[in-house]
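Here's the letter readout for the chains.
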Protein chains: 2
Amino acid sequence: MTGRPRAFDFDEALERAMRVFWRHGYEGTALSDLTAAMGVNRPSLYAAYGNKEALFLRCLERYHRGPARHAREALAEPTARAVAEHLLRGTVEVVTREEGPGCLLVHGALATGPGAEGVRAESAARRAAHREALRARFEQAALAGEFPPGTDPGVLADHLAALTYGLAVQATEGAPPDRLHLIAAHALRGWPH
Amino acid sequence: MTGRPRAFDFDEALERAMRVFWRHGYEGTALSDLTAAMGVNRPSLYAAYGNKEALFLRCLERYHRGPARHAREALAEPTARAVAEHLLRGTVEVVTREEGPGCLLVHGALATGPGAEGVRAESAARRAAHREALRARFEQAALAGEFPPGTDPGVLADHLAALTYGLAVQATEGAPPDRLHLIAAHALRGWPH
DNA sequence: CGATTTCCGTACCGATCGATATGGTAGCGT
DNA sequence: ACGCTACCATATCGATCGGTACGGAAATCG
(Lines give C-alpha, C1' and ligand atoms only; values in the text may rest on other atoms or scores of the structure.)
Protein backbone atom coordinates (compact mmCIF):
# COMPACT_ATOMS: atom_id res chain seq x y z
CA MET A 1 0.00 0.00 0.00
CA THR A 2 2.34 2.70 1.16
CA GLY A 3 5.67 2.08 -0.49
CA ARG A 4 8.78 4.09 -0.86
CA PRO A 5 8.11 7.83 -1.00
CA ARG A 6 9.39 9.78 -4.00
CA ALA A 7 12.82 11.26 -3.66
CA PHE A 8 12.03 14.67 -5.22
CA ASP A 9 9.73 17.52 -4.32
CA PHE A 10 6.69 17.39 -6.56
CA ASP A 11 6.02 21.11 -6.59
CA GLU A 12 9.60 22.21 -6.87
CA ALA A 13 10.18 19.93 -9.84
CA LEU A 14 7.01 21.30 -11.39
CA GLU A 15 8.27 24.82 -10.86
CA ARG A 16 11.46 23.98 -12.69
CA ALA A 17 9.56 22.36 -15.53
CA MET A 18 7.45 25.49 -15.83
CA ARG A 19 10.53 27.64 -16.25
CA VAL A 20 11.87 25.45 -19.01
CA PHE A 21 8.57 25.61 -20.90
CA TRP A 22 8.50 29.32 -20.17
CA ARG A 23 11.82 29.81 -21.89
CA HIS A 24 11.58 27.49 -24.86
CA GLY A 25 7.89 26.85 -25.39
CA TYR A 26 6.20 23.49 -25.58
CA GLU A 27 7.64 22.25 -28.84
CA GLY A 28 11.02 23.77 -28.17
CA THR A 29 11.38 21.77 -24.99
CA ALA A 30 12.63 18.19 -25.11
CA LEU A 31 11.99 15.66 -22.43
CA SER A 32 15.69 15.48 -21.72
CA ASP A 33 15.68 19.24 -21.04
CA LEU A 34 12.90 18.71 -18.53
CA THR A 35 14.47 15.78 -16.72
CA ALA A 36 17.80 17.60 -16.55
CA ALA A 37 16.26 20.77 -15.12
CA MET A 38 13.92 18.96 -12.77
CA GLY A 39 16.44 16.48 -11.47
CA VAL A 40 13.94 13.73 -12.10
CA ASN A 41 14.44 10.60 -14.15
CA ARG A 42 12.24 9.95 -17.11
CA PRO A 43 10.13 7.12 -15.71
CA SER A 44 9.63 9.04 -12.46
CA LEU A 45 8.43 12.02 -14.46
CA TYR A 46 5.88 9.91 -16.28
CA ALA A 47 4.74 8.25 -13.07
CA ALA A 48 4.29 11.59 -11.32
CA TYR A 49 2.84 13.83 -14.03
CA GLY A 50 1.54 11.60 -16.82
CA ASN A 51 3.26 12.67 -20.00
CA LYS A 52 4.73 15.75 -21.61
CA GLU A 53 1.37 17.24 -22.47
CA ALA A 54 -0.09 16.64 -19.01
CA LEU A 55 3.03 18.14 -17.47
CA PHE A 56 2.65 21.24 -19.60
CA LEU A 57 -0.98 21.62 -18.62
CA ARG A 58 0.01 21.35 -14.97
CA CYS A 59 2.56 24.06 -15.61
CA LEU A 60 -0.13 26.25 -17.11
CA GLU A 61 -2.20 25.79 -13.99
CA ARG A 62 0.79 26.60 -11.80
CA TYR A 63 1.54 29.63 -13.94
CA HIS A 64 -2.03 30.75 -13.54
CA ARG A 65 -1.85 30.60 -9.76
CA GLY A 66 1.72 31.85 -9.50
CA PRO A 67 3.30 34.33 -11.89
CA ALA A 68 0.01 35.24 -13.53
CA ARG A 69 -1.77 35.79 -10.25
CA HIS A 70 -1.80 39.53 -10.83
CA ALA A 71 -4.22 39.04 -13.70
CA ARG A 72 -6.85 37.70 -11.32
CA GLU A 73 -6.03 40.05 -8.50
CA ALA A 74 -6.34 43.05 -10.78
CA LEU A 75 -10.04 42.32 -11.18
CA ALA A 76 -10.60 43.12 -7.52
CA GLU A 77 -9.53 46.74 -7.88
CA PRO A 78 -12.29 49.22 -7.12
CA THR A 79 -12.39 50.98 -10.49
CA ALA A 80 -11.91 49.86 -14.09
CA ARG A 81 -9.04 52.26 -14.46
CA ALA A 82 -7.33 50.73 -11.41
CA VAL A 83 -7.93 47.28 -12.87
CA ALA A 84 -6.16 48.30 -16.06
CA GLU A 85 -3.30 49.90 -14.17
CA HIS A 86 -2.82 46.87 -11.98
CA LEU A 87 -2.99 44.48 -14.91
CA LEU A 88 -0.52 46.39 -17.07
CA ARG A 89 1.92 47.04 -14.29
CA GLY A 90 1.85 43.43 -13.15
CA THR A 91 2.24 42.17 -16.70
CA VAL A 92 5.35 44.22 -17.26
CA GLU A 93 6.84 42.89 -14.04
CA VAL A 94 6.21 39.28 -14.96
CA VAL A 95 7.24 39.32 -18.60
CA THR A 96 10.55 41.03 -17.91
CA ARG A 97 11.81 38.57 -15.33
CA GLU A 98 15.33 37.50 -15.99
CA GLU A 99 14.65 33.80 -15.53
CA GLY A 100 12.29 33.72 -18.46
CA PRO A 101 11.23 36.75 -20.47
CA GLY A 102 7.78 36.74 -21.96
CA CYS A 103 4.55 35.05 -20.96
CA LEU A 104 4.07 31.32 -20.84
CA LEU A 105 0.44 31.69 -21.86
CA VAL A 106 1.39 33.65 -24.95
CA HIS A 107 4.43 31.94 -26.37
CA GLY A 108 4.27 28.55 -24.67
CA ALA A 109 2.15 27.16 -27.48
CA LEU A 110 1.04 29.96 -29.81
CA ALA A 111 1.45 28.14 -33.11
CA THR A 112 2.12 24.44 -33.02
CA GLY A 113 2.38 21.34 -35.13
CA PRO A 114 -0.34 18.70 -35.23
CA GLY A 115 1.14 16.92 -32.23
CA ALA A 116 0.52 19.85 -29.90
CA GLU A 117 -2.99 20.88 -30.78
CA GLY A 118 -4.15 20.15 -27.27
CA VAL A 119 -1.77 22.46 -25.47
CA ARG A 120 -2.29 25.16 -28.06
CA ALA A 121 -6.05 25.02 -27.62
CA GLU A 122 -5.80 25.01 -23.85
CA SER A 123 -3.48 28.00 -23.85
CA ALA A 124 -5.84 29.86 -26.15
CA ALA A 125 -8.81 28.93 -23.99
CA ARG A 126 -7.10 30.28 -20.88
CA ARG A 127 -6.31 33.54 -22.60
CA ALA A 128 -9.90 33.80 -23.78
CA ALA A 129 -11.19 33.02 -20.30
CA HIS A 130 -9.19 35.84 -18.86
CA ARG A 131 -10.45 38.26 -21.48
CA GLU A 132 -13.96 37.17 -20.64
CA ALA A 133 -13.39 37.82 -16.95
CA LEU A 134 -12.01 41.21 -17.84
CA ARG A 135 -15.03 41.94 -20.00
CA ALA A 136 -17.39 41.00 -17.17
CA ARG A 137 -15.49 43.29 -14.81
CA PHE A 138 -15.75 46.20 -17.24
CA GLU A 139 -19.40 45.44 -17.85
CA GLN A 140 -19.87 45.97 -14.15
CA ALA A 141 -17.87 49.18 -14.27
CA ALA A 142 -20.02 50.41 -17.13
CA LEU A 143 -23.13 49.85 -15.03
CA ALA A 144 -21.47 51.87 -12.29
CA GLY A 145 -21.15 54.73 -14.75
CA GLU A 146 -17.39 54.72 -14.97
CA PHE A 147 -17.29 55.12 -18.74
CA PRO A 148 -18.61 57.77 -21.09
CA PRO A 149 -21.67 56.66 -23.06
CA GLY A 150 -20.93 54.56 -26.12
CA THR A 151 -18.02 52.74 -24.54
CA ASP A 152 -18.10 48.99 -25.20
CA PRO A 153 -16.71 47.07 -22.23
CA GLY A 154 -15.92 44.06 -24.42
CA VAL A 155 -13.82 46.11 -26.79
CA LEU A 156 -12.10 47.68 -23.83
CA ALA A 157 -11.23 44.26 -22.46
CA ASP A 158 -10.00 43.00 -25.82
CA HIS A 159 -7.92 46.11 -26.27
CA LEU A 160 -6.32 45.82 -22.88
CA ALA A 161 -5.62 42.12 -23.38
CA ALA A 162 -4.07 42.76 -26.78
CA LEU A 163 -1.77 45.26 -25.17
CA THR A 164 -0.58 42.75 -22.58
CA TYR A 165 0.12 40.22 -25.35
CA GLY A 166 2.12 42.83 -27.19
CA LEU A 167 4.12 43.59 -24.07
CA ALA A 168 4.87 39.89 -23.72
CA VAL A 169 6.08 39.68 -27.32
CA GLN A 170 8.39 42.65 -26.94
CA ALA A 171 9.68 41.23 -23.68
CA THR A 172 10.86 38.09 -25.46
CA GLU A 173 13.12 40.33 -27.51
CA GLY A 174 14.75 41.62 -24.37
CA ALA A 175 12.89 44.89 -23.98
CA PRO A 176 13.76 46.34 -20.56
CA PRO A 177 10.96 46.85 -18.01
CA ASP A 178 11.16 50.62 -18.04
CA ARG A 179 10.47 50.73 -21.74
CA LEU A 180 7.45 48.50 -21.33
CA HIS A 181 6.28 50.61 -18.40
CA LEU A 182 6.36 53.64 -20.66
CA ILE A 183 4.14 51.84 -23.14
CA ALA A 184 1.72 50.91 -20.38
CA ALA A 185 1.67 54.47 -19.03
CA HIS A 186 1.07 55.84 -22.50
CA ALA A 187 -1.78 53.42 -23.05
CA LEU A 188 -3.40 54.45 -19.78
CA ARG A 189 -3.31 58.06 -20.93
CA GLY A 190 -5.86 57.12 -23.57
CA TRP A 191 -8.17 55.49 -21.05
CA PRO A 192 -11.82 56.56 -21.48
CA HIS A 193 -12.90 59.19 -19.01
CA MET B 1 26.47 23.92 -68.25
CA THR B 2 22.74 24.29 -68.72
CA GLY B 3 21.18 21.03 -67.70
CA ARG B 4 17.67 19.95 -67.03
CA PRO B 5 15.53 22.77 -65.64
CA ARG B 6 13.69 22.23 -62.38
CA ALA B 7 10.21 20.86 -62.66
CA PHE B 8 8.57 23.13 -60.08
CA ASP B 9 8.03 26.85 -59.76
CA PHE B 10 10.52 28.26 -57.30
CA ASP B 11 8.35 31.11 -56.07
CA GLU B 12 5.13 29.19 -55.91
CA ALA B 13 6.73 26.43 -53.87
CA LEU B 14 8.18 29.11 -51.59
CA GLU B 15 4.74 30.61 -51.19
CA ARG B 16 3.36 27.27 -50.10
CA ALA B 17 6.20 26.73 -47.68
CA MET B 18 5.48 30.14 -46.19
CA ARG B 19 1.89 29.20 -45.55
CA VAL B 20 2.88 26.03 -43.75
CA PHE B 21 5.29 27.92 -41.50
CA TRP B 22 2.61 30.53 -41.07
CA ARG B 23 0.19 27.99 -39.72
CA HIS B 24 2.39 25.81 -37.57
CA GLY B 25 5.47 27.87 -36.81
CA TYR B 26 9.06 26.87 -37.40
CA GLU B 27 9.37 24.08 -34.87
CA GLY B 28 5.87 22.85 -35.48
CA THR B 29 6.62 22.27 -39.13
CA ALA B 30 8.32 19.06 -40.25
CA LEU B 31 10.21 18.69 -43.46
CA SER B 32 7.67 16.15 -44.65
CA ASP B 33 4.94 18.75 -44.17
CA LEU B 34 6.88 21.14 -46.34
CA THR B 35 7.62 18.70 -49.15
CA ALA B 36 4.01 17.55 -49.17
CA ALA B 37 2.64 21.08 -49.38
CA MET B 38 5.22 22.30 -51.85
CA GLY B 39 5.05 19.31 -54.15
CA VAL B 40 8.83 19.15 -54.05
CA ASN B 41 10.96 16.20 -53.13
CA ARG B 42 13.35 16.46 -50.26
CA PRO B 43 16.63 16.55 -52.19
CA SER B 44 15.17 19.10 -54.60
CA LEU B 45 14.16 21.26 -51.67
CA TYR B 46 17.68 21.20 -50.27
CA ALA B 47 19.20 21.89 -53.65
CA ALA B 48 16.93 24.87 -54.24
CA TYR B 49 16.69 26.52 -50.83
CA GLY B 50 19.54 25.20 -48.69
CA ASN B 51 18.02 23.71 -45.57
CA LYS B 52 15.05 24.16 -43.29
CA GLU B 53 16.43 27.24 -41.60
CA ALA B 54 17.40 28.93 -44.87
CA LEU B 55 13.98 28.12 -46.28
CA PHE B 56 12.32 29.74 -43.29
CA LEU B 57 14.44 32.85 -43.65
CA ARG B 58 13.46 33.06 -47.30
CA CYS B 59 9.86 32.77 -46.21
CA LEU B 60 10.37 35.64 -43.78
CA GLU B 61 11.70 37.75 -46.63
CA ARG B 62 8.78 36.79 -48.84
CA TYR B 63 6.39 37.55 -46.00
CA HIS B 64 8.01 40.91 -45.59
CA ARG B 65 7.48 41.82 -49.21
CA GLY B 66 4.11 40.16 -49.56
CA PRO B 67 1.55 39.89 -46.77
CA ALA B 68 3.40 42.33 -44.52
CA ARG B 69 3.81 44.91 -47.22
CA HIS B 70 1.23 47.15 -45.58
CA ALA B 71 3.63 47.70 -42.68
CA ARG B 72 6.08 49.43 -44.99
CA GLU B 73 3.48 51.18 -47.07
CA ALA B 74 1.85 52.64 -43.99
CA LEU B 75 4.99 54.68 -43.33
CA ALA B 76 4.33 56.68 -46.49
CA GLU B 77 1.07 58.10 -45.20
CA PRO B 78 1.10 61.89 -44.84
CA THR B 79 0.37 62.07 -41.11
CA ALA B 80 1.28 59.96 -38.11
CA ARG B 81 -2.35 59.33 -37.44
CA ALA B 82 -2.84 58.04 -40.98
CA VAL B 83 0.22 55.84 -40.53
CA ALA B 84 -1.32 54.28 -37.44
CA GLU B 85 -4.67 53.82 -39.13
CA HIS B 86 -3.13 52.20 -42.17
CA LEU B 87 -0.94 49.94 -40.08
CA LEU B 88 -3.70 48.76 -37.78
CA ARG B 89 -6.23 48.25 -40.53
CA GLY B 90 -3.76 46.35 -42.67
CA THR B 91 -2.65 44.22 -39.75
CA VAL B 92 -6.19 43.14 -39.01
CA GLU B 93 -6.70 42.20 -42.65
CA VAL B 94 -3.57 40.06 -42.77
CA VAL B 95 -3.84 38.28 -39.44
CA THR B 96 -7.43 37.21 -40.01
CA ARG B 97 -6.88 35.50 -43.34
CA GLU B 98 -8.49 32.11 -43.49
CA GLU B 99 -5.45 30.39 -44.93
CA GLY B 100 -3.41 31.14 -41.88
CA PRO B 101 -4.53 33.24 -38.94
CA GLY B 102 -1.92 35.26 -37.10
CA CYS B 103 1.35 36.77 -38.12
CA LEU B 104 4.35 34.77 -39.27
CA LEU B 105 6.72 37.30 -37.74
CA VAL B 106 5.07 36.95 -34.35
CA HIS B 107 4.37 33.28 -33.91
CA GLY B 108 6.67 31.75 -36.51
CA ALA B 109 9.48 31.53 -33.99
CA LEU B 110 8.57 33.41 -30.81
CA ALA B 111 10.00 30.98 -28.27
CA THR B 112 12.16 28.17 -29.55
CA GLY B 113 14.45 25.39 -28.50
CA PRO B 114 18.22 25.60 -28.87
CA GLY B 115 18.07 24.31 -32.43
CA ALA B 116 16.12 27.31 -33.67
CA GLU B 117 17.93 30.20 -32.09
CA GLY B 118 18.80 31.61 -35.49
CA VAL B 119 15.27 31.93 -36.80
CA ARG B 120 14.05 33.24 -33.47
CA ALA B 121 16.70 35.95 -33.45
CA GLU B 122 16.03 36.89 -37.06
CA SER B 123 12.29 37.14 -36.46
CA ALA B 124 12.91 39.32 -33.42
CA ALA B 125 15.34 41.49 -35.36
CA ARG B 126 12.80 42.05 -38.11
CA ARG B 127 10.15 43.06 -35.63
CA ALA B 128 12.61 45.42 -33.97
CA ALA B 129 13.60 46.88 -37.33
CA HIS B 130 10.00 47.69 -38.10
CA ARG B 131 9.51 49.33 -34.75
CA GLU B 132 12.60 51.39 -35.40
CA ALA B 133 11.26 52.50 -38.78
CA LEU B 134 8.01 53.41 -37.11
CA ARG B 135 9.85 55.39 -34.45
CA ALA B 136 11.77 57.31 -37.11
CA ARG B 137 8.53 58.11 -38.89
CA PHE B 138 6.94 59.43 -35.71
CA GLU B 139 10.09 61.35 -34.90
CA GLN B 140 9.56 63.13 -38.17
CA ALA B 141 5.89 63.72 -37.37
CA ALA B 142 6.89 65.17 -34.01
CA LEU B 143 9.15 67.67 -35.75
CA ALA B 144 6.21 68.57 -37.94
CA GLY B 145 4.29 69.43 -34.81
CA GLU B 146 1.72 66.67 -35.10
CA PHE B 147 1.86 65.74 -31.44
CA PRO B 148 1.20 67.68 -28.27
CA PRO B 149 4.35 68.56 -26.34
CA GLY B 150 5.71 65.81 -24.15
CA THR B 151 4.81 63.04 -26.56
CA ASP B 152 7.61 60.51 -27.04
CA PRO B 153 7.64 59.17 -30.62
CA GLY B 154 9.53 56.06 -29.53
CA VAL B 155 6.92 55.16 -26.95
CA LEU B 156 4.22 55.82 -29.52
CA ALA B 157 5.88 53.41 -31.93
CA ASP B 158 6.38 50.75 -29.28
CA HIS B 159 2.78 51.12 -28.20
CA LEU B 160 1.45 50.79 -31.71
CA ALA B 161 3.66 47.79 -32.42
CA ALA B 162 2.58 46.10 -29.20
CA LEU B 163 -1.00 46.52 -30.30
CA THR B 164 -0.37 44.85 -33.64
CA TYR B 165 1.31 41.93 -31.88
CA GLY B 166 -1.68 41.62 -29.60
CA LEU B 167 -4.01 41.60 -32.60
CA ALA B 168 -1.94 38.80 -34.11
CA VAL B 169 -2.16 36.75 -30.93
CA GLN B 170 -5.92 37.10 -30.71
CA ALA B 171 -6.23 36.25 -34.37
CA THR B 172 -4.58 32.88 -33.78
CA GLU B 173 -7.47 32.09 -31.47
CA GLY B 174 -9.91 32.68 -34.27
CA ALA B 175 -11.01 36.21 -33.40
CA PRO B 176 -13.09 37.52 -36.34
CA PRO B 177 -11.86 40.60 -38.23
CA ASP B 178 -14.66 42.86 -37.11
CA ARG B 179 -13.78 42.30 -33.49
CA LEU B 180 -10.16 43.16 -34.15
CA HIS B 181 -11.23 46.20 -36.14
CA LEU B 182 -13.15 47.39 -33.12
CA ILE B 183 -10.02 47.11 -31.03
CA ALA B 184 -8.06 49.06 -33.61
CA ALA B 185 -10.72 51.76 -33.80
CA HIS B 186 -10.84 52.03 -30.05
CA ALA B 187 -7.09 52.36 -29.88
CA LEU B 188 -7.12 55.14 -32.44
CA ARG B 189 -9.60 57.03 -30.31
CA GLY B 190 -6.83 57.46 -27.76
CA TRP B 191 -4.39 58.81 -30.30
CA PRO B 192 -2.59 61.96 -29.12
CA HIS B 193 -4.01 65.16 -30.50
C1' DC C 1 22.46 12.11 -82.45
C1' DG C 2 25.62 11.88 -78.72
C1' DA C 3 27.60 14.02 -74.73
C1' DT C 4 27.04 16.58 -70.78
C1' DT C 5 24.75 18.63 -67.08
C1' DT C 6 21.29 18.96 -63.85
C1' DC C 7 17.28 17.31 -61.71
C1' DC C 8 14.11 13.79 -59.75
C1' DG C 9 12.93 9.61 -56.90
C1' DT C 10 14.04 6.05 -53.70
C1' DA C 11 16.09 4.56 -50.07
C1' DC C 12 18.73 5.45 -46.25
C1' DC C 13 21.78 7.94 -42.75
C1' DG C 14 22.76 8.93 -37.57
C1' DA C 15 20.48 11.49 -34.09
C1' DT C 16 16.80 12.51 -31.32
C1' DC C 17 11.97 12.43 -30.37
C1' DG C 18 8.41 10.89 -26.61
C1' DA C 19 7.46 6.91 -24.02
C1' DT C 20 8.44 2.09 -21.48
C1' DA C 21 9.98 -2.65 -19.97
C1' DT C 22 12.69 -4.50 -16.51
C1' DG C 23 15.30 -5.36 -12.50
C1' DG C 24 17.15 -3.80 -8.24
C1' DT C 25 16.17 -1.52 -3.92
C1' DA C 26 14.69 1.76 -0.50
C1' DG C 27 11.16 2.49 2.64
C1' DC C 28 6.78 1.65 5.19
C1' DG C 29 3.46 -1.34 7.90
C1' DT C 30 2.97 -5.20 10.52
C1' DA D 1 12.70 -8.85 10.97
C1' DC D 2 9.92 -9.63 7.15
C1' DG D 3 7.00 -8.87 3.11
C1' DC D 4 4.86 -5.91 0.24
C1' DT D 5 4.76 -1.75 -2.33
C1' DA D 6 6.22 1.88 -5.04
C1' DC D 7 10.16 4.34 -6.58
C1' DC D 8 14.67 4.83 -8.94
C1' DA D 9 18.09 3.74 -12.70
C1' DT D 10 19.58 1.68 -17.00
C1' DA D 11 18.75 0.42 -21.22
C1' DT D 12 15.83 0.37 -24.96
C1' DC D 13 11.56 0.80 -27.75
C1' DG D 14 9.49 2.28 -32.51
C1' DA D 15 8.76 6.55 -34.80
C1' DT D 16 10.23 10.61 -36.60
C1' DC D 17 13.53 14.26 -36.90
C1' DG D 18 16.63 17.00 -40.45
C1' DG D 19 19.73 15.88 -44.02
C1' DT D 20 22.09 12.89 -48.05
C1' DA D 21 24.16 9.20 -51.25
C1' DC D 22 23.19 7.25 -55.35
C1' DG D 23 21.37 5.74 -59.72
C1' DG D 24 18.37 6.61 -63.59
C1' DA D 25 16.10 9.91 -66.56
C1' DA D 26 15.19 14.31 -68.82
C1' DA D 27 16.50 18.33 -71.15
C1' DT D 28 19.87 21.43 -73.42
C1' DC D 29 24.00 21.91 -75.82
C1' DG D 30 27.39 20.76 -79.68
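Rules used in this analysis
- Numbering of residues starts from 1 in each chain and follows the order in which that chain's sequence is written.
- Chains and ligands are labelled sequentially in the order written, the chains with letters from A and the ligands with numbers from 1.
- The predicted origin of the model limits local features to residues at a pLDDT of at least 70 and limits the giving and counting of side-chain atom pairs to 80 or more, whereas totals for whole chains, interfaces and linings rest on all residues.
- Values shown for side chains rest on all heavy atoms present in the structure; no hydrogens or waters enter the calculation.
- Residue ranges assigned to each domain were obtained from an automatic or database domain assignment.
- The criterion used for residue contact is that any of the two residues' heavy atoms lie within 4.5 Å.
- Accessible-area loss on putting two parts together, using a 1.4 Å probe and summing over both, is the definition of buried area adopted here.
- The rule for a salt bridge is simple: a side-chain nitrogen of Lys or Arg has to be within 4 Å of a carboxyl oxygen of Asp or Glu.
- By the criterion applied in these results, polar contacts are pairs of N or O atoms within 3.5 Å in which, for protein atoms, one can donate a hydrogen and the other can accept it, and in which residues neighboring in sequence qualify only through two side-chain atoms.
- Going along the chain from the N terminus, every DSSP run of H or I of four or more residues is numbered as a helix, and every run of E of two or more is numbered as a strand.
- Throughout this entry, Asp, Glu, Lys and Arg are counted as charged residues, while Ala, Val, Leu, Ile, Met, Phe, Trp, Tyr, Cys and Pro are counted as nonpolar. The remaining residues, Gly among them, count as polar.
- As a rule, the C-alpha atoms of each element are fitted with a line to give its axis, helices using only the stretch in contact, and angles between N-to-C directions run from 0 to 180 degrees.
- Each angle gets one of four labels, with under 35 degrees taken as roughly parallel, over 145 as roughly antiparallel, 65 to 115 as roughly perpendicular, and the rest as oblique.

Draft legend 1. Structural context of the domain arrangement of chain A. Residue and element names in this part refer to chain A. According to the domain assignment, chain A contains domain 1 (10–63) and domain 2 (67–189). A separation of 25 Å is found between the C-alpha centroids of domain 1 and domain 2. Across the boundary between the two partners, domain 1 contributes 16 residues, which contact 25 residues of domain 2. Summing both sides of the interface, domain 1 and domain 2 together bury roughly 1700 Å²; the carbon and sulfur share of this comes to 63%. Contact with domain 2 buries area across many residues of domain 1, yet Trp22, Leu60 and Tyr63 alone supply 46% of it, more than any other trio. The interface formed by domain 1 and domain 2 holds one salt bridge in total. Here Glu61 ties to Arg126 by a salt bridge, and the two come within 2.7 Å at their closest N and O atoms. Run the count over domain 1 and domain 2 and you get nine residue pairs in polar contact (both at pLDDT 80 or more). Residue assignment for the side of domain 1 that touches domain 2 shows that the elements contributing at least two residues are helix H1 (10–24) and helix H4 (52–65). Top contributing element to the side of domain 1 that touches domain 2 by residue count: H4, with eight residues. Among the residues making up the side of domain 1 that touches domain 2, the classes are represented as nine nonpolar, one polar and six charged.

Draft legend 2. Geometry of the packing of helix H6 (residues 80–95) of chain A against helix H8 (residues 117–143) of chain A. All names here are of chain A. Contact geometry for H6 and H8: axes closest at 9 Å, N-to-C directions at 150°. As the angle between them shows, H6 and H8 are arranged roughly antiparallel. Here Ala80, Val83 and Leu87 of H6 lie close against H8, whose contacting residues are His130, Leu134, Arg137, Phe138 and Ala141. Of the residues in the contact of H6 with H8, the class split is six nonpolar, one polar and one charged.

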